[in-house]
Amino acid sequence: MNGKFIITRRIVSTMLVFAFFVQACTFSLFNLPSLPTQPTSVPGVVIPTSTPYPVAQTTFVVTLPEPLQANETLVIVIMDEVTGLTLNAQQYPMSPRDTLTYTATLPIVFNSIVKYRYIRQGPALVFEDTSLGTAIRYRLHLANGPSEVQDIIADWGDKSYTRPTGSILGQIYNSDTNTPLPNILVSAGGVQYITDSLGRFELSGLPVGTHQLVAYSLDGLYLPFQQGAVVAENTATLVDLRIKPSRLVNVTFLVSIPPDTVPGVPVRLAGNILQLGNTFADLSGGISTVADRMPILNLQSDGRYAVTLGLPVGTYIQYKYSLGDGFWNAEHKEDGAWVLREFIVPENDVTLQDAVATWVTTRNSAPILFETSVPSVTPPGDIVYIQFKTFSWLEPIPMWPLGNNRWAYKLYGPLNFLGSFAYRYCRNGQCGSADDNQTVGIDPPGRLASTSLLGQDIQDTVNSWKWFENPEPVSLVGATINPRSVGFVAGVEYQSTYRPNFSYFVPQTFANTKAIGSNLAVLTPSWTYTNISPLRFSTSPGNDPFWIDSAIMVSQARALGLNVAIFPTPHFPPTTDSTTSASTSFWLNAPRDASWWQTWFTRYRAFAVNYADLATQTGAQFLILGGDWVTPALPAGTLPNGQPSNVPADVEAQWKAIIQDVRSHFRGQVFWAMPYTKSNLQTPVNFLTDVDGIYLLWSIPLTTNQTATKADLANEAGRLLDNEVAPLVSLLNKPVILAVAYPSAAGAPSGCIPNGAGGCADFSSLSQPAVDNASVSLNLQTQADIYEAMLTAVNARSWISGFISRGYFMPVALQDKSTSIHSKPAADIFWYWFPRLLGTVP
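Source: prediction; values computed, not measured.

## Side note on the layout of surface pockets
As a volume, the second largest pocket reaches approximately 780 Å³. Around the second largest pocket, the lining comprises 33 residues; the ones closest to its centre are Q90, Y316, Q318, L340 and E342. Per-class residue counts for the lining of the second largest pocket are 19 nonpolar, eight polar and six charged.

Given below as structure tokens:
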């Protein structure tokens, strides 16, 4: 089995599950789907999931950094990631062995993976964190027999300690094929890391001592592995792990639901692995599972619901049935307690027969039916979501379509809180971006509802959608367009912002991309800088797509006939300064000494190689390195404020080595992304000779005259292309693709959009889900005019090898101020130009 086969196996397994949740809005409320005429089929062995599993008595022994106060106690908390880590946690008191050592013995299901952490209880609850001050989501333990687990608490959330630390470095391999494995969660001491394409991980800042090292496959396709690892002061413990792949068997979930369930609504399966909607991230309100990523069960002729999934043998599954996600409208016991079912996937096909006792948590609060009418301009493919707020806004839930722009959702529970709560509507799950105009923003008050002993039917009307109030058309003007030779690319680059619920809408995004005549989709998968010094740069669940998510996106794009480019793009720690971009803040706050730079180049090389491997294994045609954000790391690098960045003397050699390493992993076209600046064009860095082409990031001023016409803009674009870009093309003798980004905002042609504070707004600050800057004026026609002018200039210059529109917002159409062209007038410009440039339309 080679690496290509491994990634294909994962894609097929996950996409089969994704196919089930695509059914989510094929049902209409009160309009039952056609029922099969045959009785329910029950394949394989039938097991009622109430059958108890054997348990392993597990003793947890933890060492504290200092003794507890007299009014404090210590508890171990067993976490439930299906409901939400903080929403159904089970606390168990620990007993002291001495002032620094505490213990508790718990029965843990044999061969299960338990997620847990420690809390100090006193006047307030204090959670443990790492020595770097980052929160511990949970620790992992594989209960493969009676055992004693030794843990060390590095730090508390309200205190910091200076203590010796070390790290664990290593790689994860397939034990059968010896190939490295991405997408594996590695954990020790509560520190977690998602492995890259070479199976690499790094767990830093661990207290000196012995830690439990666990490797866990997010999709269960590899059996978990656990061993002790000794950490010494200022030393990296090197560990290579080999984990065993598991084969798939068919598991059929067959469930009967309460008779008061609304007929025909989708029943979902929420669980603790990727295929069952777990994102392994802290999402809104502490939720980790997302309804859009959960399988949908099919209604059977006898009224039960069923779905058959291929699941890996030996995987510990926690799951529940839901009409929403793991929290809202999930099943409960008769007494209102949460249900969390569990089983371990057996060696053979099996059917699990279950019954949902109730969807409600209390008989003191009756279910509430929400019905809303939405504007007629709502795109026909959109899904309306409802989002609820109790202590905070939680993840939005897809509503049920009634037809004729009407949607409904019946909330059964949990309603065991009395009084009022807030809710709101949004499109395609993008609450905070695609909102009902009555409840706009990240944290609006929302509409109000109250619990009641009697059932309620709340009737609402969404009068208009934010950023889609009255979609503007565009008047197209015919032009004589010169078809380009084979090899010309025309397409869109997608915004790097990512949320796990984007996955549901990606196929429609690619269909839209294809519909405007594109032949190239530029994906921008990311890693996140979670710490500047010491530097931490890796996959951050919830903010960055997992390897498998990116692989599926490439597969979906290629299935529609699109070529694919992968442009790895980082995310940066957020900044509280609204006048400074996150990337600028990152560079200005970095120490940039010799040691830091060496780490930076090592991390960037891993980042580039990771996505080179992804491109190879998925069949992507292009890999794009660089970007405007790497300017401080280039030869003679400067910071955003113009000061020298103190790059190392061998910086040129560092970049050449990275490109050489990338080429050893990827045989396709490697392009370098660089921003259009005079210095870049006049004195290009030497290593550009090692790449196949230039991806020129173009957002430069085209005029200072507010009354400039499209012809004026086209003329200026042509002048810049001839005088500044053409010489670079001649010098390098390499193709240049223009990657163009202009927002739909007043002032865009000048390159300076007033930010209301006396400066110019960073174009990225206008992208969703950023808070709207009211000082910036929306102007959709300006964006369309700029793109038409740019295409006119390109049309007259056959030496330009491609045209890309940057910043496309994947999940929803918004006529906002951003650079996205999704359903804006500018998209119609491309719909006219792209097919003619490519010669597919005469």
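## Here's the deal with the pattern of salt bridges
Overall, the coordinates contain 35 salt bridges when judged by the stated rule. The salt bridge partner of E81 is R137, with a shortest N-O separation of 3.0 Å. Here E81 is found in the loop between β3 (73-78) and β4 (90-93), whereas its partner R137 is found in the loop between β8 (125-129) and β9 (139-143), with 56 residues between them in sequence. For the pair E81 and R137, one class covers both residues: buried. Among the ionic contacts, a cluster of salt bridges with common partners joins E81, K115, R137 and D282.

## Here's the deal with helix α6 (residues 651-665)
In this model α6 runs 22 Å from its N-terminal to its C-terminal C-alpha over 15 residues, within 8% of the 21 Å that 1.5 Å per residue would give. For α6, the full list of buried residues reads V651, E652, Q654, W655, I658, I659 and V662. Mapping the buried residues of α6 onto a view down its axis gives an arc of 165°, with all of them on the same face. Elements in contact with the buried residues of α6: α5 (594-618), β39 (622-626) and β40 (669-675).

## Things to note about the state of the cysteines
Across all of its chains, the model carries two disulfides by this definition. The disulfide partner of C426 is C431, and the gap between their sulfur atoms is 2.0 Å. Taking the torsion about the sulfur-sulfur bond, which here is approximately -70°, the covalent link between C426 and C431 counts as left-handed. As far as burial versus exposure is concerned, C426 and C431 are alike and both buried. Two residues share a disulfide in this structure: C752 and C760, whose sulfurs sit 1.8 Å from each other. Sign of the S-S torsion, about -90° for the bond between C752 and C760, identifies this disulfide as left-handed.

## Quick word on the side chain of Q275
With respect to the helices, strands and loops of the structure, Q275 is situated in the loop between β20 (268-271) and β21 (298-299). Given the relative accessible area of 0%, Q275 is considered buried. For Q275, the side chain forms a polar contact with the main-chain oxygen of D219, separated by 2.9 Å.

## Looking at the nonpolar core
A general feature of soluble globular proteins is that nonpolar side chains tend to end up buried together. Ranked by internal contacts, the top residues of the largest apolar core, which has 117 residues, are W600, W655 and W698. Top contributing element to this core by residue count: α5, with 12 residues. When near neighbours in sequence (up to four residues on either side) are disregarded, W600 contacts Y529, L535, F586, W587, W629, V630, A633 and W655. Counting residues in each nonpolar core, the second largest holds 84 residues, with L142, L299, F505 and F546 among its members.

## Thoughts on the packing of aromatic side chains
Under the definition given, this model contains 58 aromatic pairs. Aromatic side chains Y604 and W655 sit 5.1 Å apart centroid to centroid with 70° between the ring planes, which places their arrangement in the edge-to-face category. Remark: W655 occurs in helix α6 and Y604 occurs in helix α5; sequence separation between them is 51 residues. We classify Y604 as buried; its relative accessible area is 2%.

## With respect to the environment of V374
Residue position: V374 is located in the loop between β26 (368-373) and β27 (384-389). With relative accessibility at 8%, the residue V374 sits in the buried group. Separated by 60 residues in the primary sequence, V374 and A434 place their C-alpha atoms 13 Å from one another. Not counting the four nearest positions on each side in its chain, V374 is found in contact with V384, N405, W407, V462 and W465.

So, how was this worked out
Here the residue numbering is sequential within each chain, running from 1 through the sequence in written order. Reporting of local features is limited, given that this is a predicted model, to residues whose pLDDT is at least 70; pairs of side-chain atoms are given and counted only at 80 or more, and all residues count toward the totals for whole chains, interfaces and linings. Side-chain numbers come from the whole structure's heavy atoms, not from hydrogens or water. In this analysis, the protein atoms alone were mapped onto a 1 Å grid. Cavities are point sets where a 1.4 Å probe fits without being able to get out; pockets are open sets with protein on both sides within 12 Å along at least five of seven lines; lining residues have an atom within 4 Å of a point. Grid points are joined across faces, edges and corners, and a volume is the space filled by probe spheres set on the points. The nonpolar class holds Ala, Val, Leu, Ile, Met, Phe, Trp, Tyr, Cys and Pro. Asp, Glu, Lys and Arg form the charged class, and all remaining residues, Gly among them, are polar. We count a salt bridge whenever a side-chain nitrogen from Lys or Arg sits within 4 Å of a carboxyl oxygen from Asp or Glu. Numbering of helices and strands runs from the N terminus, with a helix taken as a DSSP run of H or I at least four residues long and a strand as a DSSP run of E at least two residues long. Whether a residue is buried, partly exposed or exposed follows from its accessible area with a 1.4 Å probe, protein chains only, as a fraction of its type maximum: under 20%, in between, or over 50%, in that order. Given a helix with a known number of residues, its expected span is that number minus one, times 1.5 Å. To be clear, the arc concerns the directions from the helix axis to the C-beta atoms. By the convention used here, residues are in contact when the closest approach between their heavy atoms is within 4.5 Å. Cysteine sulfur atoms are paired as a disulfide whenever they come within 2.5 Å of each other. Polar contacts here mean pairs of N or O atoms no more than 3.5 Å apart (in protein, one a potential hydrogen donor and the other a potential acceptor; neighbouring residues in sequence count only if both atoms are side-chain atoms). We call a set of buried residues a nonpolar core when its members are Ala, Val, Leu, Ile, Met, Phe, Trp, Tyr or Cys and they connect through side-chain atoms within 4.5 Å of each other. Ring pairs are drawn from Phe, Tyr and Trp, using the six-membered ring of Trp, whenever the two centres fall within 6.5 Å, and their geometry is named by plane angle: stacked under 30 degrees, edge-to-face over 60, tilted for the rest.

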